[in-house]
Amino acid sequence: MSGHGASSSNGKVAPAAFPPPVDSQKEFVKHGLDGEDELIEVGVVIVGGGTAGLACANRLLQLLADDPETMERLGEVPVAVVEKAKTCGGHNLSGAVMRPGPLQELFPDMSREDWRKEGFAYGEVTKEAVYMTPSAKTKLRIPTPPNFKNHGNEVISVSAMARFQQRLAEDAGAYILTETSATQLIVDDGRVVGVRSGDKGRGKDGEPLGNFEPGTDIKAQATVLAEGCWGHLTGAAIQEFGLAEGREPQVWELGVKEVWKVPKPLDRVIHTIGPWPLKLSAKYGQIGGTWLYPMKDEKTGDDLVSIGFVIDLEYADATTSAHDLLQQFKLHPLVKGILEGGERVAWGAKALPGGGYWSMPKLSMPGAVLVGDAGGMVDTVALKGVHHSIMSGKLAAESIYASLVRGESSFESYEQAIEDSLVGKELYQERNTRQPFQKGFLMGGPMVNLNIVTKGRLPGGRWSWHRNDAKPMFIGKTKDNYPKPDGKYTFDKLSSVFITGNATRDDAPNHIRVQKHVPREIAETWQWMCPAGVYEIPEDAPESGMVDVIVNYTNCVQCGAITAKGGRLTTPEGGDGPLYQIT
Ligand SMILES: Cc1cc2nc3c(=O)[nH]c(=O)nc-3n(C[C@H](O)[C@H](O)[C@H](O)COP(=O)(O)OP(=O)(O)OC[C@H]3O[C@@H](n4cnc5c(N)ncnc54)[C@H](O)[C@@H]3O)c2cc1C
Ligand code: SF4
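A few points on the structure. (Residues numbered from 1 in each chain as written. Chains lettered and ligands numbered in written order. Predicted model: local features only at pLDDT ≥ 70, side-chain atom pairs only at ≥ 80, totals over all residues. Heavy atoms only, no water.)

A short note on the packing of aromatic side chains
Basically, it comes down to this: Aromatic rings from Phe, Tyr and Trp, with only the six-membered ring used for Trp, were paired whenever their centres fell within 6.5 Å, and each pair was classed as stacked if the ring planes differed by under 30 degrees, edge-to-face if by over 60, and tilted otherwise. Relative accessibility under 20% of the residue-type maximum defines a buried residue, over 50% an exposed one, and the middle range a partly exposed one, all with a 1.4 Å probe and only protein chains included. For a lysine, the NZ atom is tested; for an arginine, the CZ atom; a charge sits over a ring if that atom is within 6 Å of the ring centre and within 35 degrees of the ring normal.
The final tally for this structure, using the stated rule, is 11 aromatic pairs. With 5.1 Å between their ring centres and 80° between their planes, Tyr 357 and Trp 358 make a pair best called edge-to-face. Both residues of the pair, Tyr 357 and Trp 358, count as buried. Ring pairing ties together the aromatic residues Phe 107, Trp 115, Phe 120 and Phe 164, which thus form one cluster. Note that Lys 279 overlies the ring of Tyr 284, its terminal NZ or CZ placed 5.9 Å from the centroid. Geometry around Tyr 489 places Lys 330 over its ring, the cationic atom sitting 5.5 Å from the centre.

Take a look at the structure:
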């Protein structure tokens, strides 16, 4: 662990110089299973009951329903899903405009009208508009670039879709362990043989409380890591099996979202690509954009709008805050005309993997596979990952099933199935699209456009990424323009966390690993970045040099952004965190 003296001569300092006190491989990989009478045995264990994990569970159960012999071989619990949220969907958040194909393939008997009746889909996109926002008052409509074409797509809520998929999976025989974190990957003889669930009922210092329940080994013939963007066990697996060797590092983005009930329906999907409210100068390193998606709730008849701000975690100004930028964006006349007179009904935040094709780790290892965001399958120029998550879950299920039927234990065919599918093809086309932005909006923009227009042919080759935490930070002026929250139209972080239904016990053990004595630049980076207001710098801390950081971890909404900028989100106790409903 390094520390003092890590500031560069120009006063800038990179978060990577203050790495989190954690060794994933040592702490989160368990070698060998407990004795037979102390463990739970299942056929396939899926870690993460989100979009990808539940697609995998449902597809496996569809295949097993027609094959009682294999079903029986998998034992009493053929498919188990381990989900840390109170219920599936509780920790899921997305924009979300979805390309419908993979969901239609997964549930061919359902129509899009059925999806809307189920309450997770909110209508087909029929109109769209893309704007540049040169300033706080102006907008300039531009022809819709190919990556923002959404005509025919469906607006959904991934949180509501997870609850729907949970119900289908349970009806088909899945055992879904909600309020349960998977805290260790179990490896035996070079092969993943399951996961260990986390203890419950420990106090602040790890001491067992009156209601203490120890975790259990869950032994499985196949393990699917569907933890979302670079989860806890995924990171450990990547290290243990060298899955990222020869790949580019993963990079990240952070999105903050609100859902508004509005008086007038919005009739189109809107994207804005800045530069306002971000700074144009390359020294700020700020690349981001916004969305506004119309949602018609068929059950209540309510007109809703999903609005969000997403920013690359590549920025250099420590005072960049996705939450406050979203509040600022809402003051633009374009947005005021849509939201004013309405009411905010939901808020949330989540990170997503932004590296695309070259940053995807190897997707299989002995005994296990990675699906969805855990495998880095987001097309970030289009801000689309839901359809890839569903497709990868489905393909993983089919590869695992085929191997189990043959009595084999290798799931390597999944890797090729992804490469040959729409997931591999789309991500390959976008493989060099985002990297030029590392040179800034003005310098990189033309190259990005060239790549989009030529469908990835130019620039060719392999463009590299550098890690987000390697970016030196400085304390800039982005914060100067954040609005003061009025509690009606613009909101502070803590009242926003409150409406997520966050239920972390005050005496839960700390699941955030960061160094607590760091240069002011790093402390401010965390303080401004965290959408939940977890990091605090004491008022009497010096204006420069080393400061102490207070970590109010019970506010955490588990967005994962800290992992990109010098800290580590580890799994909290099962059941903690937000309870998202329509994000
Ligand atoms: C702000 C934002 C906007 C987006 N907009 C769009 C969009 O408009 N359209 C689109 O197509 N895509 C969009 N995406 C991308 C898309 O949302 C994701 O690609 C997709 O939802 C990922 O699904 P997943 O199942 O892989 O991961 P997740 O949805 O993150 O699910 C992972 C699940 O695993 C659980 N979990 C994690 N670790 C553990 C553990 N150790 N133990 C137990 N449970 C665990 C989590 O609680 C969670 O429920 C957006 C993403 C973000 C963040
Ligand atoms: S503390 Fe929690 S909410 Fe804040 S940035 Fe880290 S993971 Fe996100």
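More follows now that the structure is in view.
Things to note about the side chain of Gln 327
For clarity, the cut-off: Strands here are runs of E lasting at least two residues and helices are runs of H or I lasting at least four, both read from the DSSP assignment and numbered beginning at the N terminus. N or O atoms within 3.5 Å of each other form a polar contact, as long as, within protein, one can give a hydrogen and the other can take it, and as long as residues adjacent in sequence are counted only when both atoms are side-chain atoms. Residue contacts are defined here by distance: any two heavy atoms, one from each residue, within 4.5 Å place the two residues in contact.
By the element assignment, Gln 327 lies in helix α8 (residues 322–329). Its relative accessible area of 2% is what places Gln 327 among the buried residues. Polar contacts involving the side chain of Gln 327 include one to the side chain of Glu 258, which spans 3.0 Å. One polar contact links the side chain of Gln 327 to the main-chain amide nitrogen of Phe 491, over a distance of 3.0 Å. What Gln 327 contacts, discounting residues up to four positions off in sequence, is Glu 258, Pro 483, Tyr 489, Thr 490 and Phe 491.

Digging into the layout of surface pockets
For clarity, the cut-off: Buriedness for pockets is judged along seven lines, at least five of which must meet protein on both sides within 12 Å for an open set on the 1 Å grid over protein atoms alone, while cavities are sets there where a 1.4 Å probe fits but cannot get out, and lining residues have an atom within 4 Å of a point. Grid points are joined across faces, edges and corners, and a volume is the space filled by probe spheres set on the points. We call Asp, Glu, Lys and Arg charged. Ala, Val, Leu, Ile, Met, Phe, Trp, Tyr, Cys and Pro are nonpolar, and the rest, Gly among them, are polar.
In this structure, the second largest pocket spans a volume of roughly 600 Å³. Considering the residues around the second largest pocket, the lining is formed by 33 residues, among which Asn 147, Phe 148, Ile 273, Gly 288 and Phe 437 are closest to the centre. Within the residue set of the lining of the second largest pocket, elements represented by two or more residues are β16 (269–275), β17 (288–296), β18 (303–312) and α13 (441–453). It is α13 that contributes the most residues to the lining of the second largest pocket, 6 residues altogether. Class assignment of the residues belonging to the lining of the second largest pocket gives a composition of 19 nonpolar, 10 polar and 4 charged.

Quick word on the site of ligand 1
Using the following cut-off: Only heavy atoms are used to decide nearness, and a residue is near a molecule or strand if one of them lies within 4 Å of it. Each accessible area value is a Shrake-Rupley result obtained with a 1.4 Å probe; residue values ignore everything except the protein chains displayed when judging cover.
Taken together, 36 residues are adjacent to ligand 1, and Glu 83, Ser 94, Val 97, Lys 350 and Asp 373 come closest. Ala 52 has a polar backbone atom sitting 2.8 Å from an oxygen atom of ligand 1. With respect to ligand 1, the side chain of Glu 83 contributes an N or O atom lying 2.6 Å from an oxygen atom. Computed on the free molecule, ligand 1 has an accessible area of 1,000 Å², of which 98% lies beneath the protein chains in the complex. Put simply, the parts of the chain that give the shell around ligand 1 at least two residues each are α2 (51–65), β17, β19 (343–353) and α10 (386–405). Ranked by residues supplied to the shell around ligand 1, first place goes to β19 with 3 residues. Here the shell around ligand 1 is built from residues that sort into 15 nonpolar, 15 polar and 6 charged.

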